[in-house]
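Each chain, written out:
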2 protein chains.
Amino acid sequence: MTRSLGVLGEDWTFLILREALTGTTRFAEFRSALGIAADVLSRRLSMLVKYGVMYQEPYREPGSRTRYEYHLTDAGRELEVVLGALQQWGDKHLPWPDGPTVQRRARRTDRQVHVAFVDDLGYEVPWADVATVRTDAYPEEETPKQADEVAG
Amino acid sequence: MTRSLGVLGEDWTFLILREALTGTTRFAEFRSALGIAADVLSRRLSMLVKYGVMYQEPYREPGSRTRYEYHLTDAGRELEVVLGALQQWGDKHLPWPDGPTVQRRARRTDRQVHVAFVDDLGYEVPWADVATVRTDAYPEEETPKQADEVAG
C-alpha cells in the first residue's frame, strides 16, 4: 500500500483520476474542472504516465499545434474500485447536504453498484467479518505481532 | 471524495489506519511500527479522533501515568474496504518481489476475499462494466458534460 500511496498519494492525483474516470482527457479540461495550477497538473500527469496509470495520445485541432490527450491505461481504469470505495465511505460518513455527486451503475444492466469484499465463491462478505492477516513478506518489526491476535 | 481526501489524504494517515486495522492501538506502537515523528503522529491521531474515525480510551500501566489507546470507530473500521482496494491495486500493478504483505480473509469461513463492485442483487460486476454517472449534486462546471457521453 505504501507503493500505491507513493504514486497516488500526492495532492491532486486522486482528483485528476476522478476527472479522468468520468471522461476528461485534455489538459485544458483538467485545468478548468479542477482549478489546478498548470505546472502542478503537468507534473502530476507526467508522474501518472511514468507509472503506467495514463498514456499520452497526440491530437491536433485545425490551426493549432499538436497537443496530447491523457487516457487511462487498464491499470488506471482499475482504480475505479479504489475511488469508488473512497467515495462510498465519504458519502456515508461525511455526506454533502445535496447527497452523492456521482453514482456508479453496471453498463449492461443499469443496476446501481457498490464496493464490497467478495470471497472466491462470489459471495459478498461484510467488512466487519474480514480479518487482515500479515504474510511472511510483511516488513519485520522489533516486536513481532500477529494481526489476528489483536484484531481477531 | 474531496471530503474523504481532506480527512484521509494527509501524509501518514493511511499508514496509521493500516496499522490500526491490524490491531495497533498505542502511541508507542504506532511510532515504532511506522518510524514517524511524535508530533506528526500526535496531530494525525487528533485529526482522526476529531473526524470520528478513531476514539481515545484511557489505560494505565503500573507505575505509569494514564495514557490513551486509539481505537477505530465503526466508521474507521469501514475504511478496511478503501485500504483493501488500494492494496489490491498495488499488489497487482506495483508488486513487491516477495508478494503481498497482507491478505484478507472472511473470519467465519476463512476464505480469501478481494474488493469488487457488487450490484444490488449481490452479483459481482467487472470494473470495466461500471459507469460513473454524475448526479444533480455534482458541482457545476463552465462547460457541462455528461460523464457517460465520453466514458460510455
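What comes next concerns the included structure. (Residues numbered from 1 in each chain as written. Chains lettered and ligands numbered in written order. Predicted model: local features only at pLDDT ≥ 70, side-chain atom pairs only at ≥ 80, totals over all residues. Heavy atoms only, no water.)

1. Overview of the sheet that holds strand β5 (residues 124-125) of chain B
What counts here: By this definition, two strands are paired if DSSP reports at least two bridges between them. Each helix corresponds to a stretch of at least 4 residues labelled H or I by DSSP, and each strand to a stretch of at least 2 residues labelled E; elements are numbered beginning at the N terminus. Note on contacts: a residue pair qualifies if any of its non-hydrogen atoms lie within 4.5 Å across the two residues. Only C-alpha atoms enter the line fits that serve as axes; for helices the fit covers just the stretch in contact. Angles between N-to-C directions range over 0 to 180 degrees.
Taken in spatial order, the 4 strands make up an open sheet running β5(A)-β4(A)-β4(B)-β5(B), and their pairing is antiparallel. Only two strands of the sheet have a single partner each, and these edge strands are β5 (124-125) of chain A together with β5 of chain B. In terms of strand pairing, strand β4 (residues 113-119) of chain B meets β5 of chain B through 2 bridges, oriented antiparallel. Residue pairing for β5 of chain B: V118 of chain B is matched across the bridge by E124 of chain B. With respect to the sheet, helix α6 (residues 80-93) of chain A is in contact with β4 (113-119) of chain A together with β4 of chain B, its orientation differing from that of β4 of chain A by roughly 110°.

2. Side note on the relation of the copies chain A and chain B
Cut-off, in case you're wondering: The atoms used to superpose the copies are C-alpha atoms, taken from residues with pLDDT of at least 70 in both, and the fit is least squares.
Under the fitted operation, chain A is carried onto chain B by 0.0 Å of movement along the axis and a turn of 180°, and the coordinates agree to an RMSD of 0.0 Å. The symmetry that links the two subunits is that of a two-fold axis. Here 100% of the interface residues in chain A have copies in chain B that are interface residues too; the copies meet face to matching face.

3. Description of the nonpolar core
The line we're drawing: Residue types Ala, Val, Leu, Ile, Met, Phe, Trp, Tyr and Cys, when buried and joined through side-chain atoms within 4.5 Å, form a set referred to as a nonpolar core. Here the term buried applies to any residue with accessible area under 20% of the maximum for its type, exposed to any over 50%, and partly exposed to those in between, with areas from a 1.4 Å probe on protein chains only.
M54 of chain A together with M54 of chain B are the most contacted members of the largest nonpolar core, which has 62 residues in total. Those residues within four positions of M54 of chain A in sequence are excluded, and the remaining contacts are A20, F30, L45, L48, V49, Y70, H71, L72 and T73 of chain A.

4. Looking at the side chain of Q87 of chain A
For clarity, the cut-off: Two N or O atoms form a polar contact when they lie within 3.5 Å of each other; inside protein one atom must be a possible hydrogen donor and the other a possible acceptor, and for residues adjacent in sequence the pair counts only when both atoms belong to side chains.
As for its position among the elements, Q87 of chain A is in helix α6. A distance of 2.5 Å separates the side chain of Q87 of chain A from the side chain of R104 of chain A, its partner in a polar contact.

5. Looking at the packing of aromatic side chains
Any aromatic ring pair is given by two values, namely how distant the centres are and how the planes are angled relative to each other. Inclusion rule: Ring geometry is summarised as follows: Phe, Tyr and Trp rings, the Trp one being its six-membered ring, pair when their centres sit within 6.5 Å, and such pairs are stacked at plane angles under 30 degrees, edge-to-face over 60 and tilted between the two. Criterion for a charge above a ring: Lys NZ or Arg CZ within 6 Å of the ring centre, and within 35 degrees of the ring normal.
Under the definition given, this model contains 0 aromatic pairs over all chains. Over the ring of Y59 of chain A we find R26 of chain A; its NZ or CZ atom is 3.8 Å from the centre of that ring.

6. Details of the pairing of strand β3 (residues 102-106) of chain B
Of the two faces of β3 of chain B, the one holding V102, R104 and A106 of chain B is buried and the one holding Q103 and R105 of chain B is not buried anywhere. Examined bridge by bridge, strand β6 (residues 130-134) of chain A and β3 of chain B share 5 bridges and lie antiparallel to one another. Within β3 of chain B, the residue paired with V133 of chain A across the bridge is Q103 of chain B.

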